[in-house]
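Summary of structural features
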Amino acid sequence: MINIALDGPSGSGKSTIAKILAKKLNIAYLDTGAMYRTIGLGAIKYGADTKSEAEVIAVLPKIDFKVGFEADGQHVYLDGEDVSGLIRTPQADMASSNVSRYEAVRTYLVEMQRNIARNVDMVLDGRDIGTVVLPDANYKFFLTASPEIRAKRRFDERKDKNPDLKFEDVLREVNERDYQDSNRAISPLRQAEDAVLIDTGDMTIDEVAQTIISFIKEK
Ligand code: DC
């Protein structure tokens, strides 16, 4: 059994690296951020203001949320609709960060994540995998990079689809989300004491993947 926890702020390279690791090590990959994103989208769909805990909790039972694994990887479904593409918008960025502050949402998703990872060789990426979801994971890594570098990555990722996108706006949003994710009361973003810290700022994707794999082989 192998569980790899990959945590870090948005844009630190977690999901890109997790996909590579999953392929190279021939294990499954769970993107836990996609789960918070789908709940954020569901809360909006049912008319809740995602900044209001009471409103989100009130609509939570209505949200029919499923995770599925297809040949091309993980998909998320809201009321039976595949929303894997729809969750990648600035609106879903903030909605997911908002709903991830609420205990009811975290309890629900953490339990689901533990059930999915049980008895499956898997890499999971998120904010609290090494600290809360799987504190006994075999390997833990915490990826980071400066806010400017992370905002630049997100900007490059999204500018084709959104030609009006401004770098300053992306940077502001990255800082806002970092602050909110790191300062929330429950399971804030933080490095587990036994996690290996990797600053991906000056590294290529391949270098990051190789660094992690070398640790896994060493053990
Ligand atoms: O990794 P991401 O950007 O897709 O995550 C979206 C939001 O979900 C992020 O702002 C914080 C939250 N999140 C969380 O609180 N815990 C996780 N394990 C994963 C994501």
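Structure's up top.
The paragraphs below set out a description of the structure included in this document.

Taken in spatial order, the three strands line up as S3-S4-S5 in an open sheet, and their pairing is antiparallel. A single partner strand is all that each edge strand has here, and the edge strands are strand S3 (65-70) and strand S5 (81-82). Examined bridge by bridge, S3 and strand S4 (residues 73-78) share six bridges and lie antiparallel to one another. Bridged to valine 67 within S4 is valine 76. Here helix H2 (residues 32-45) sits on the sheet in contact with S3 and S4, set at roughly 20° to S4.

Quick look at the packing of H2 against helix H5 (residues 103-117) now. For the pair H2 and H5, the least separation of the axes is 11 Å and the interaxial angle reads 140°. By the criterion of interaxial angle, the relationship of H2 to H5 is oblique. Here H2 and H5 pass one another in a crossing that is right-handed. Packed against H2, whose contacting residues are Thr32, Met35, Tyr36 and Ile39, the element H5 presents Val105, Arg106, Tyr108, Leu109, Val110, Met112, Gln113 and Ile116 at the interface. Looking at the contact of H2 with H5, its residues break down into nine nonpolar, two polar and one charged.

The next subject is the site of the ligand. Lining the immediate surroundings of the ligand are 15 residues, of which Arg37, Arg106, Asp128, Arg177 and Arg184 lie closest. The separation between an oxygen atom of the ligand and a polar side-chain atom of arginine 127 is 2.8 Å. Interatomic distance of 2.9 Å between a side-chain N/O atom of aspartate 181 and an oxygen atom of the ligand. Elements supplying a minimum of two residues to the shell around the ligand: H2, helix H4 (90-99) and helix H8 (167-183). Considering every element that reaches the shell around the ligand, the biggest residue donor is H2, with four residues.

Turning our attention to the packing of aromatic side chains. Under the defined criterion, the tally for this structure stands at two aromatic pairs. Here the aromatic rings of phenylalanine 141 and phenylalanine 215 are separated by 5.9 Å at their centres, their planes lie at 70°, and the arrangement is edge-to-face. Taken as a pair, phenylalanine 141 in strand S7 (residues 139-144) and phenylalanine 215 in helix H9 (residues 205-218) lie far apart in primary sequence, 74 residues in all. Assessed through its relative accessible area of 2%, phenylalanine 141 is described here as buried. Between phenylalanine 155 and phenylalanine 167, the ring centres sit 6.1 Å apart and the planes meet at 90°, which makes this aromatic pair edge-to-face. In this pair, phenylalanine 155 is assigned in helix H7 (residues 147-158) and phenylalanine 167 in helix H8, connecting sequence segments 12 residues apart. Given a relative accessible area of 27%, phenylalanine 167 falls into the partly exposed group.

What follows covers the pairing of S7. Among the six residues in S7, five count as buried, and that is most of the element. Bridge count for strand S1 (residues 3-7) against S7 is four bridges, and the pairing is parallel. Bridge pairing in S7 links aspartate 7 to phenylalanine 142. The pairing of S7 with strand S8 (residues 196-199) spans four bridges and is parallel. Bridging across to S8, phenylalanine 142 finds its partner in leucine 197.

Rules used in this analysis
- Residues numbered from 1 in each chain as written.
- Predicted model: local features only at pLDDT ≥ 70, side-chain atom pairs only at ≥ 80, totals over all residues.
- Heavy atoms only, no water.
- Pairing = 2+ DSSP bridges.
- Helix = DSSP H or I, 4+ residues; strand = E, 2+ residues; numbered from the N terminus.
- Contact = heavy atoms within 4.5 Å.
- Axes fitted to C-alpha atoms, helices over the stretch in contact; angles between N-to-C directions.
- Parallel < 35°, antiparallel > 145°, perpendicular 65-115°, else oblique.
- Left-handed = near helix turned anticlockwise from the far one by under 90°.
- Nonpolar A, V, L, I, M, F, W, Y, C, P; charged D, E, K, R; others polar.
- Near = heavy atom within 4 Å.
- Polar contact = N/O pair within 3.5 Å; in protein donor to acceptor, adjacent residues only side chain to side chain.
- Phe/Tyr/Trp six-rings, centres within 6.5 Å; stacked < 30°, edge-to-face > 60°.
- Buried < 20%, exposed > 50% of the residue type's maximum accessible area, 1.4 Å probe, protein only.

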